Amino acid sequence: MRDALGGRSLASPDLDVVVEGDGPGVARALADALVAPLVEHARFLTATVGPTSAGLVDVATARSERYDRRGALPRVMPSSIEQDLRRRDFTVNAMAVELASGSFGLLDRHGGRVDLAARRLKILHPASFVEDPTRIFRAARYAARLGLRVDPWTARCEAWALSLVPYPALSGARIVAELEHILREARPEAALVALGRAGAY
């Protein structure tokens, strides 16, 4: 929803699907129906189907999460779609299209569409970057991709998280993965400059 509403070209989109219930089970059924590869991520209650004609399809169980240490991977528990959207990183990532009723209504309880229209990137929780510092890299990537500016409150929360460096529970592999995502963007230099200005180096 973020990229579609933000005006990004979706010539070859990947799909993210959230299921209230058994997400991996739905992914297994989808992989069987499409005769497509399946990779399950049991720890996070998610699975990836594909490649398919629609790209990769990521299927996740609607979940809440808990961080035992700052920078550590979360523990996840099944939940409702409302709780799932509430635990997201940015308002623009806390939107979904409801499929079950066939009405295809937009679920947007946190103002993601308004923030996209205002070209604003805003986190949902003050400790968001502390819980998962890789969100700092994602903030730079989404801002560069969609022409968003980080709002002042989010910038202050980002600065707070950076003041707590180091994060012993944050692996180098996770940082490298985020940098690789940035380098695959159309304008990686914009994201890298934003990271440098924020002090993420």
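Refer to the structure presented above.
To start, this report covers the structure provided alongside it. (Residues numbered from 1 in each chain as written. Predicted model: local features only at pLDDT ≥ 70, side-chain atom pairs only at ≥ 80, totals over all residues. Heavy atoms only, no water.)

Below, the discussion takes up the pattern of salt bridges. A complete count under the given rule lists 17 salt bridges for this structure. Two residues, Asp-68 and Arg-75, come together in a salt bridge whose shortest N-O distance is 2.9 Å. Judged by relative accessible area, Asp-68 falls into the partly exposed class, the value being 48%. Arg-75 gets classed as partly exposed once you look at its relative accessible area, which sits at 41%. For Arg-120, the salt bridge identified is with Asp-115, shortest N-O distance 2.6 Å. Judged by relative accessible area, Arg-120 falls into the partly exposed class, the value being 23%. Sharing partners across several salt bridges, the network here consists of Glu-65, Asp-84, Arg-87, Arg-88, Glu-131 and Arg-135. (Salt bridge = Lys/Arg side-chain N within 4 Å of Asp/Glu carboxyl O. Buried < 20%, exposed > 50% of the residue type's maximum accessible area, 1.4 Å probe, protein only.)

This part takes up the packing of helix α6 (residues 134-146) against helix α9 (residues 188-198). Look at α6 against α9: their axes get within 8 Å of each other, and the N-to-C directions meet at 135°. Between α6 and α9, the angle falls in the class oblique. As for the relative orientation of α6 and α9, their crossing is right-handed in sense. Residue-level contacts link Ile-136, Phe-137, Ala-140, Arg-141 and Ala-144 of α6 to Ala-190, Ala-191, Ala-194 and Leu-195 of α9. (Axes fitted to C-alpha atoms, helices over the stretch in contact; angles between N-to-C directions. Helix = DSSP H or I, 4+ residues; strand = E, 2+ residues; numbered from the N terminus. Parallel < 35°, antiparallel > 145°, perpendicular 65-115°, else oblique. Left-handed = near helix turned anticlockwise from the far one by under 90°. Contact = heavy atoms within 4.5 Å.)

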